[in-house]
Amino acid sequence: MPVVPATLTLGKALPLLRRFGAARRRDAERVPLARAAGRVLAEACQDGEGALPAGHRLGVFDLGRLAAAGHAELPCVRRPTVALFTLGADRIPPGQALPPGGRHDAARPVLMAWLQAQGLEPVAWPVLPVLGSALDDAAQAFDLVLIAAAPGPDGLPVGLPPVAGHPSALRIDLGLTAPAVALLIPLEAGPRQPLCLFLPDAPEALRRACEQVLPPLLAGLLGEREPASIADTAVGDGADGGWPLEIEAAAVPRALAAGARLIDLREAEETASGLPAGAEAVPRARLLAEPDAFGAGQGPLLLLCASGVRSLAAARALREAGHARVASVRGGLVAWRAAGLAMQGEAAGEPRLDADARERYARHLLLPQVGVEGQARLLASRVLLVGAGGLGSPAAFYLAAAGVGRLRLVDDDQVERSNLQRQILHVDAGVGQPKVASARERLLALNPRLQLETVQARLDEGNVDALLAGIDVVLDGSDNFRARHCLNRACLRLGIPLVYGAVERFQGQVSVFDAGRRRGERPCYQCLFPEPEGAGGAPNCAEAGVLGVLPGVIGLLQATEVLKLLLGQGESLAGRLLIFDALAMRFRELPVPVDPACPACGGGGERR
């Protein structure tokens, strides 16, 4: 048993998973995997770092940092075979199968989809209460056995078999808030002597494993040899035979300066989140079908994908087709970002999204209409939200969640218990609090990075200009005509779009008034409601009542219009009034023309 360090440094941890896989792959050596794994560990601690008692598991290392160093994946001659098990030992009595649709069924499609995306054909066993002899059976024919089970209090999957105590077992902290630990075990049973990886089946743990644990492990299983480093071969040296199959991400800018081309092989829905600086987007299938059209036969061609698997397979295919000067960027986009290299648009001074923003707004980044540029625009935007009540509550939640950078929230009221039926920003414990204080707690709990300015005041002619200072869009969640007309006049003066919403009983309506920017082309609020109503002209919710969910529907429509305006996407409701009837569950639309006689905007002028 080799002496191993209590905690692996990052530099040693990075190649370890890969080398475990590579040790398994060396069939020609006829070395039992347990011995090979022991040799790998022994080589990893030659500097004499601390020792562990005999039989102790390998120390924990933070895999959350592993992505920061990047990793490489290699194509294979013989695809490795993979078995997949999901366990329910902590949920059901021994000997009984987990019911269809049970919790552990959720792990199977996640892992199957990821493995199939790597070109593998995993074999999935039925959901089992315990492994029993199934593990021995798998050891006869598979190179890698994946087992997903519920995490126990220590983060390790429950129901581990005795083999989990193997002295060369590698324990991997997945770096999540809740304890989640993967366990890699070299099996000695069976002729294949496979690697066995136990994974917690929590969604975040599975995602982290697919992103950071499995790629370097499969790299060793798939590879034929360790990849050449860019340091071993000068970029642009003209020696086709010496051109490396892989290069480090940090070396790409130098290669581009020397005349190489960088091709991003990801699909369109992936590149929507942004391209590396200097890259061209060419889907892999198109490049392989028409390599000469993209310079494969002319000069150095660098290929990049999400993690390096697809780009390396494509580089190998092009090599076999006779294009010698083709290389894959080791670790793909993961390594590119870890190296701090720029994405397109960032070099020109566009705000860069950090790791938290890229994870938080990942679904936005997939949308071509948003992407990195659009999300950066949202983060730099300023929205005034008038009212933290029925309309303001859902709108504030979704604007904060979407990444609107700065919200100014204005309301002079306090939370009452009768508000809780529809004003979802507030809770029972907050009754008696100012609404803006209650809203601050909820919104910052949702998105701590939100820049939130709360103003406990009633909007009027005396403070409206100050409240609109520096604002890009106004969302009106007020409940009286006086405030709406005041907002309308101020938005006309300052050229700010106003997103209007109102609810009563079972009906609500939404529109956008953008006459301040498009005078004479778009109506203002007063074109629709010419005269301010008297105090009793229109009942509010306290007088007429309202279905609790109705402000949620209208507030979300208002938030949608705000996001469209900030992004410059789609067709706004300017010039249209959208009316929702909850009882009939029907939307209808009415045109709102410009009123030439409007006292606020008619004739291109504006009056108080």
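Residues numbered from 1 in each chain as written. Predicted model: local features only at pLDDT ≥ 70, side-chain atom pairs only at ≥ 80, totals over all residues. Heavy atoms only, no water.

**Q** Help me understand the overall build of the chain in this model?
**A** Scanning the chain for helices and strands turns up 20 helices and 19 strands. Every one of the 608 residues in the chain was classed for burial, and the buried ones make up 51%. Partitioning the contacts of the chain with sequence separation of at least 6, the portion at a separation of at least 24 is 69%. For the chain, the accessible area works out to roughly 25700 Å², and carbon and sulfur atoms hold 53% of it. (Helix = DSSP H or I, 4+ residues; strand = E, 2+ residues; numbered from the N terminus. Buried < 20%, exposed > 50% of the residue type's maximum accessible area, 1.4 Å probe, protein only. Contact = heavy atoms within 4.5 Å. Areas by Shrake-Rupley, 256 points an atom, 1.4 Å probe, with all protein chains shown as cover.)

**Q** How do you make sense of the pairing of strand E18 (residues 576-581) when you look at a structure like this?
**A** Counting buried positions along E18 gives 5 out of 6 residues, so the element sits mostly inside the fold. As judged from the 4 bridges shared by strand E17 (residues 507-513) and E18, these two strands associate in the antiparallel manner. Counted as the bridge partner of Gln509 is Ile579 from E18. Sheet topology note: the E18/strand E19 (residues 586-591) ladder contains 6 bridges and is antiparallel. Looking at E19, one finds that Asp581 is bridged to Arg586. From the end of E18 to the start of E19, which pair antiparallel, there are 4 residues, and Met585 there has a positive phi angle of about 50 degrees. (Pairing = 2+ DSSP bridges.)

**Q** Just checking my understanding: could you explain the packing of aromatic side chains for this structure?
**A** The description of an aromatic ring pair rests on the distance of the ring centres and on the angle between the ring planes. According to the stated counting rule, one finds 7 aromatic pairs in the structure shown. Three or more aromatic residues joined by ring pairs make a cluster, and in this case those are Phe481, Tyr500, Phe513, Tyr525 and Phe529. Over the aromatic face of Phe481 sits the side chain of Arg484, whose NZ or CZ is 5.6 Å from the ring centroid. (Phe/Tyr/Trp six-rings, centres within 6.5 Å; stacked < 30°, edge-to-face > 60°. Lys NZ or Arg CZ within 6 Å of the ring centre and 35° of its normal.)

**Q** Whenever I open this one, the side chain of Asp264 confuses me. Can you help?
**A** Along the chain, Asp264 turns up in strand E8 (residues 261-264). Sequence-distant contacts of Asp264, that is, excluding residues within four places in its chain, are made with Thr271, Leu275, Pro276, Ala279, Glu280, Ala281, Val282 and Leu304.

**Q** What should I look at first to understand the side chain of Asp514 in this one?
**A** Within the fold, Asp514 resides in the loop between E17 and helix H18 (525-528). On the basis of relative accessible area, Asp514 is assigned to the buried category, the value being 6%. Each residue touching Asp514, except ones within four places of it in the same chain, is listed here: Pro497, Arg522, Pro523 and Ala574.

**Q** Teacher, can you tell me more about the sheet that holds strand E13 (residues 406-410) here?
**A** In a beta sheet, neighbouring strands are held together by backbone hydrogen bonds and run either parallel or antiparallel to one another. Taken in spatial order, the 8 strands line up as E14-E13-E12-E15-E16-E17-E18-E19 in an open sheet, and their pairing is mixed. With one partner strand each, in any of the chains shown, strand E14 (451-455) and E19 form the two edges of the open sheet. Ignoring strand direction, the axes of neighbouring strands in this sheet form an average angle of 15 degrees. (Axes fitted to C-alpha atoms, helices over the stretch in contact; angles between N-to-C directions.)

**Q** I would appreciate a short explanation of the environment of Gly462 in the present structure.
**A** Relative to the assigned elements, Gly462 resides in the loop between E14 and helix H16 (464-467). A relative accessible area of 75% means that Gly462 is categorised as exposed. Taking C-alpha positions, Gly462 is 9.9 Å from Cys486, a pair spaced 24 residues apart along the chain.

**Q** Help me understand the pattern of salt bridges, please; the structure alone is not making it clear to me.
**A** Charged atoms that come close allow side chains of opposite charge to pair. Applying the stated criterion across every chain, the model contains 19 salt bridges. Linking Arg330 and Glu246 is a salt bridge whose minimum nitrogen-to-oxygen distance equals 3.7 Å. Taken together, the residues span a long stretch of sequence, with Arg330 in the loop between strand E11 (326-329) and helix H10 (332-338) and Glu246 in strand E7 (residues 246-247) at a distance of 84 residues. The buried category is assigned to Arg330, whose relative accessible area is 17%. Linking Glu521 and Arg518 is a salt bridge whose minimum nitrogen-to-oxygen distance equals 3.1 Å. Overlapping salt bridges bring together Glu246, Glu248 and Arg330 as one network. (Salt bridge = Lys/Arg side-chain N within 4 Å of Asp/Glu carboxyl O.)

**Q** What is the right way to look at the sheet that holds strand E9 (residues 279-281) in this model?
**A** Taken in spatial order, the 5 strands of this open sheet run E7-E11-E10-E8-E9, and their pairing is parallel. Of all strands in the sheet, those with a lone pairing partner are E7 and E9, marking the two edges. Packed on one face of the sheet, helix H9 (residues 309-320) meets E7, strand E10 (301-304) and E11 and runs near 175 degrees to E11.

**Q** Hey, could you run me through the nonpolar core in this one?
**A** Looking at soluble globular proteins, one finds that nonpolar side chains tend to be buried together. Ranked by internal contacts, the top residues of the largest apolar core, which has 41 residues, are Leu399, Leu407, Leu409, Leu443 and Val562. Aside from chain neighbours lying at most four places away, what touches Leu407 is Val383, Ala396, Leu399, Ala400, Leu450, Gln451, Leu452 and Glu453. If you look at the next biggest cluster of nonpolar residues, it comprises 27 residues, including Leu120, Cys210, Val213 and Leu214. (Core = buried A, V, L, I, M, F, W, Y, C linked by side-chain atoms within 4.5 Å.)

**Q** Mind showing me how you'd approach the environment of Pro394 here?
**A** On the secondary structure map, Pro394 appears in helix H14 (residues 392-402). On the basis of relative accessible area, Pro394 is assigned to the buried category, the value being 5%. When the C-alpha positions of Pro394 and Leu556 are compared, they lie 6.1 Å apart, and in sequence the two are 162 residues distant. If we skip the residues at most four places from it in the chain, Pro394 touches Ile424, Pro551, Gly552, Gly555 and Leu556.

**Q** Looking at this structure, how should I read H9?
**A** Note on helix geometry: an α-helix contains 3.6 residues per turn, so any two residues three or four positions apart are oriented the same way. Spanning 12 residues, H9 covers 17 Å between terminal C-alpha atoms, matching the ideal 16 Å at 1.5 Å per step. When H9 is considered as a whole, its buried residues turn out to be Val309, Arg310, Ser311, Leu312, Ala314, Ala315 and Leu318. The elements touched by buried residues of H9 are E7, helix H7 (268-271), helix H8 (284-289), E10 and E11. Taken from the residues just after H9, Gly322 is the one with a positive phi, measuring 105 degrees. (Expected span 1.5 Å × (residues − 1).)

**Q** Explanation requested: unusual backbone geometry in the structure shown.
**A** Residues other than glycine predominantly adopt negative phi, and peptide bonds predominantly adopt the trans conformation. For Arg505, which is not glycine, the phi torsion reads 55 degrees and is therefore positive. Summarising the element assignment, Arg505 is placed in the loop between strand E16 (498-504) and E17. Judged by relative accessible area, Arg505 falls into the partly exposed class, the value being 43%. Of note, the phi angle at Met585 is positive, near 50 degrees, even though the residue is not glycine. On the basis of relative accessibility, which here comes to 60%, the residue Met585 falls in the exposed class.

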